[in-house]
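# Architecture at a glance
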Amino acid sequence: MKTISYISVIVKFLVTGVLLAACQNVVDNPSVEDFSANGAPTISQITPVDSLDKPITQSQMGKWLTIQGDNLANVTSILFNDIEVNLKDVYAVRNRINVAVPAEAPGNLTNTITVRTTLGEATTNFTILFPKLQVNGLENEFAQPGSNVVVTGEYFKLYGLTSDDATFTLNGESLPVVEKADKKIVLTIPANAPDGAKIVINSPKIQEPISLPYRDKGVPLFANYNKTYLFGQGFLWTDQSYITDGTQEGDPKAPIGTSFLRRKNTYSAWNWDTLIAGHFDLTDTDVIDHLENYDIKFEVWTAKTNPLPTGDFIFWSKQSDDKMKLRWNPVSNGVSLNTNGEWRTITLDAQTWFRDNDGEKVLQVGNNDLTIVYQPHNGFDADFGMVNFRFAKKRSK
């Protein structure tokens, strides 16, 4: 055993076990602690380091724990699930081990802690509370072939999606990776990518691969957004000047087709601007019968210099009560929506839209009413676009 002299204040901390990060081979001092062992280790309970009389059966990542028992000195390895702890960050004596829960998701979830010493090993049941992997989807599901797509979410690093072991494919072909970070991954779509393809992301730390739709048309509300179709066939009766054919100054390339709704206007506070009023035809009975399984998706564009501030896009079908209207405020956490001249996919729960005043479903085979109004809370100069309204099957998360 090594003996290293410390000032008395530090020795007192070691006696109480507060100096948690001390290395075992540095603090071995038999006059202070008992580092002996005469058999295989045993585990009697797990507690927080600051509450040694309060056993626990689960903990979050990064929390310091005390493993209590016997013959716990001379540790060779400690595993939470299949993640091995760095022993330099462990303080182990005969009757306890102070250790932090690793901030890493396991490849094999066993809900156990295993302690191995030179004389044997012991395993006990213990649950680590991992934050759930969040994959929101593609920022723009209708990005053009040959361009980059951004996958957004949280805890990508924890679940190995920023590691070299992660894989990203489109219809089985590997995708070039431009950037990998904890909350976003940027991929390049092949120039020949077909509509309706699937982007699949995976890593050894994900139980099942995650499939993301790419240019999935779903069940569109309108076959296209050309004026001759929307107005010529009587689907809309609002201002035709709200629809551009993609050739006007400042028009972006439409994500699908050539035409889209573009509103360039100076608003006053609480203006009531009817963007779309009319109807759409629906033949898909699964949408009608199982609306709870569907989202409404569409793409939104804002000019770089004209983000959308706080306000409401108000959607409804047959109902008139305000409480039954779906209101979407594009502002998130106080930040205006700025797509920086790119299209971005918006996802809303279809159930919150197509209901009557009693909350009952109103969708039917054939003609269905549709109204979309924009009402800003403050005056501003707007320049935004909307297109590609569709029913899309909800993705399991």
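About the criteria used
Residues numbered from 1 in each chain as written. Predicted model: local features only at pLDDT ≥ 70, side-chain atom pairs only at ≥ 80, totals over all residues. Heavy atoms only, no water. Helix = DSSP H or I, 4+ residues; strand = E, 2+ residues; numbered from the N terminus. pLDDT = per-residue confidence, 0-100. Contact = heavy atoms within 4.5 Å. Core = buried A, V, L, I, M, F, W, Y, C linked by side-chain atoms within 4.5 Å. Buried < 20%, exposed > 50% of the residue type's maximum accessible area, 1.4 Å probe, protein only. Phe/Tyr/Trp six-rings, centres within 6.5 Å; stacked < 30°, edge-to-face > 60°. Lys NZ or Arg CZ within 6 Å of the ring centre and 35° of its normal.

### Points about the environment of R390
Secondary-structure assignment places R390 in strand β28 (residues 380-393). A C-alpha to C-alpha distance of 9.9 Å links R390 and T347, two positions 43 residues apart in sequence.

### So, the confidence of the model for the protein chain
Of the residues in the protein chain, 91% have a pLDDT of 70 or more, and the chain-wide mean is 90. A low-confidence stretch, residues 1-28 stays under pLDDT 50, and its non-local contacts, those more than four residues away or across chains, total 52 contacts.

### Some remarks on the nonpolar core
Core analysis: the biggest nonpolar cluster contains 52 residues, and F222, L275, F298, F315, F384, F389 and F391 have the highest contact counts within it. Residue contributions to this core peak at seven residues, all from β28. Every residue in contact with F222, bar those within four places of it in the chain, is listed here: Y229, L230, F235, L236, H279, F280, L370 and F389. Y159, L187, I206 and Y214 belong to the second-largest nonpolar core, a separate cluster that totals 26 residues.

### Quick word on the packing of aromatic side chains
If you walk through the whole model with that rule in mind, you get 20 aromatic pairs. Taking 4.4 Å as the distance between ring centres and 35 degrees as the angle between the ring planes, the aromatic pair formed by F313 and Y374 counts as tilted. In this pair, F313 sits in strand β24 (residues 311-316) while Y374 sits in strand β27 (residues 366-376), placing the two residues 61 residues apart along the sequence. Here the two residues F313 and Y374 agree in accessibility, since each one is buried. One cation-aromatic arrangement involves K325 over W316; the distance from NZ or CZ to the ring centre is 4.7 Å.

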